[in-house]
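# Tertiary structure, described
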Amino acid sequence: MRVGVIGICGFGRFHAEAFAELGWTVAAGADRSPELASVAARFGAEPHRDYRDLLARGDLDAVTVSLPPRLHPAVVTASLEAGLPVLCEKPVAPSAAEAGALLAAVGADAPVAVGFVLRYHPAYRRLRELVRGGELGRVRAVLARKCWPTSTPWRLEEGGGAVFVKDIHYFDLVPWLLGSDPEGVCAYGGSFYHRGQVEDSYQLLMSFPGGATFHLDSAWWTLPSSVNSFEVVGDRARAVVEGDDLRVEGEVARTERPEGESMVLAEVRAFADWLAGGGPRPPGLEEAVRASRLAQRVVDQLR
């Protein structure tokens, strides 16, 4: 099997590494980065400056797309028109309207998987088992902090923004964990650190049926350090994701390290198995639109 990686010098290089580990041939890579030749050479891939040249090759079985979100709809559509199934990084578009338009244009049955990679992280998969199995009791709060530096200009321009680019993972993950969509959304933030065109930091509170809440402190800040934490608090126990570990604090505290592949490898394997007819359909455009609509509610609150 042969894959083409569009955006191979960005996150796409991790896709390429995973496909290579699965035994696929990384046949081609497209990017406009000066690093294109060297990154493509790592995988023995033919470099293309224009993704349309990659799609026109005629010798690929699938493509992955990892670009600034404003470019995703056109590239995904062109890939499907070339007869190629697509693994597209999140978000599939920079707004809910554009994500919905993409779904309407290509249809829910289009062979598109979307990179909600946290669903494949062993600790989050185990956390979902604890939540759904009732070990934590009735969930009262989901608490997250995700504050990083950034040096990528497009993230702070129109079509970027912390809500859609960085945090849309949570707008897929938290409903997936809790098994329901939120009812209320309250957010405050803006362009506080970089004075860019879009939000770089905000505070978020969401309410879910049954009384659970999701609290998020998010920033692309100007500090050199990073903070990344996630926990679920129930009325019986509390569970905290710490890297690859899951700490559970109830009547007896314990720390688990759930077994499993790295999340990117697991995501790519799920995509490959689905294409081969041996696995369930990964999250696709319908899930992407659902998460995008939730992200749009946050952006609208900020505005």
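Residues numbered from 1 in each chain as written. Predicted model: local features only at pLDDT ≥ 70, side-chain atom pairs only at ≥ 80, totals over all residues. Heavy atoms only, no water.

## Some remarks on the pairing of strand β1 (residues 2-6)
Regular strands show a simple pattern: their side chains alternate between the two faces of the sheet. Of all five residues making up β1, four are buried, and the element is well covered by its neighbours. Here β1 runs beside strand β2 (residues 25-30); their pairing, made up of five bridges, is parallel. Across the sheet, V3 pairs through a bridge with V26, a residue of β2. Read from β1 through helix α1 (residues 12-21) to β2, the crossover connection turns out right-handed. Here four bridges tie β1 to strand β4 (residues 62-65), and the two strands are oriented parallel to one another. Within β4, the position partnered with V3 by the bridge is A62. (Buried < 20%, exposed > 50% of the residue type's maximum accessible area, 1.4 Å probe, protein only. Helix = DSSP H or I, 4+ residues; strand = E, 2+ residues; numbered from the N terminus. Pairing = 2+ DSSP bridges. Right-handed = clockwise from strand over helix to strand, strands pointing away.)

## Quick look at the environment of R128
Positionally, R128 belongs in helix α6 (residues 122-133). Along the sequence, R128 and L173 sit 45 residues apart, while their C-alpha atoms lie 9.6 Å from each other. Look past the residues within four positions of R128 in its chain and what remains in contact with it is W176 and L177. (Contact = heavy atoms within 4.5 Å.)

## A closer look at the pattern of salt bridges
One pass over the full model with this rule turns up 19 salt bridges. Where R126 meets E129, a salt bridge forms, and the shortest distance between an N and an O atom there is 3.0 Å. Placement of the pair is R126 and E129 together in helix α6, with a separation of three residues, close to one helical turn. Between E249 and R247 there is a salt bridge, with its nearest N and O atoms 2.7 Å apart. (Salt bridge = Lys/Arg side-chain N within 4 Å of Asp/Glu carboxyl O.)

## A short note on α6
A rise of 1.5 Å per residue sets the reference length of α6, with its 12 residues, at 16 Å; its end C-alpha atoms lie 16 Å apart and thus fit the reference within 8%. Turning to α6, its buried residues number three or more, namely P122, A123, Y124, L127, L130 and V131. Of the surrounding secondary structure, the elements contacted by the buried residues of α6 are β7 (139-149), α8 (168-178), β11 (227-234), β12 (238-242), β13 (245-249) and β14 (254-256). (Expected span 1.5 Å × (residues − 1).)

## Quick word on the sheet that holds strand β3 (residues 46-48)
Read from one edge of the open sheet, six strands run β3-β2-β1-β4-β5-β6, paired in parallel fashion. This sheet does not close on itself; its edge strands, each paired only once, are β3 and β6 (112-115). Across the sheet, the mean angle separating the axes of adjacent strands is 20 degrees when strand polarity is ignored. Both strand β5 (residues 86-89) and β6 contribute to a ladder of four bridges, which runs parallel. Among the inter-strand pairings, V86 is bridged to a residue of β6, identified as V112. Contacts from helix α4 (residues 72-81) reach β1, β4, β5 and β6 within the one sheet, and its direction differs from that of β5 by about 175 degrees. (Axes fitted to C-alpha atoms, helices over the stretch in contact; angles between N-to-C directions.)

## What about the nonpolar core?
Counting residues in each nonpolar core, the largest one holds 74 residues, and the members touching the most others are L127, F171, L204, F214 and F230. Ranked by residue count, the leading element in this core is helix α10 (residues 285-302), at nine residues. In this view, F230 contacts Y124, L127, V142, L143, A144, Y170, L173, V174, L177, A239, V240 and V241; residues no more than four positions away in its chain are not counted. Within the second largest apolar cluster, 24 residues are counted, among which are C9, W24, L87 and A272. (Core = buried A, V, L, I, M, F, W, Y, C linked by side-chain atoms within 4.5 Å.)

## Things to note about helix α2 (residues 36-43)
Every buried residue of α2 is listed here: L36, V39, A40 and F43. Considered in projection along α2, the buried side chains sweep an arc of 95 degrees and stay on one side of the axis. In α2, the exposed positions angled more than 90 degrees off the buried face are occupied by A37 and A41. Lining the buried residues of α2 we find α1, β2 and β3. With its phi angle positive at about 70 degrees, G44 sits one or two positions after the end of α2. (Arc of directions from axis to C-beta.)

## Considerations on the sheet that holds β14
If you walk across this open sheet you meet the eight strands as β8-β9-β10-β7-β11-β12-β13-β14, and the pairing is mixed. The open sheet has two free edges, formed respectively by β8 (184-190) and β14, since each of these has just one partner strand. Recorded for the sheet is a direction-independent mean angle of 10 degrees between the axes of neighbouring strands. In this sheet, strand β10 (residues 213-221) lies alongside strand β9 (residues 201-207) in antiparallel orientation, the contact comprising seven bridges.

## Quick notes on the side chain of H48
If you trace the backbone, H48 turns up in strand β3. Look at H48 and you get buried, because its relative accessible area is 10%. When residues no more than four places from it in sequence are discounted, the contact partners of H48 are A28, G29, A30, D31, L36, D53, L54 and R57.

Interpretation note: all reported values are geometric properties and have no functional meaning in isolation.
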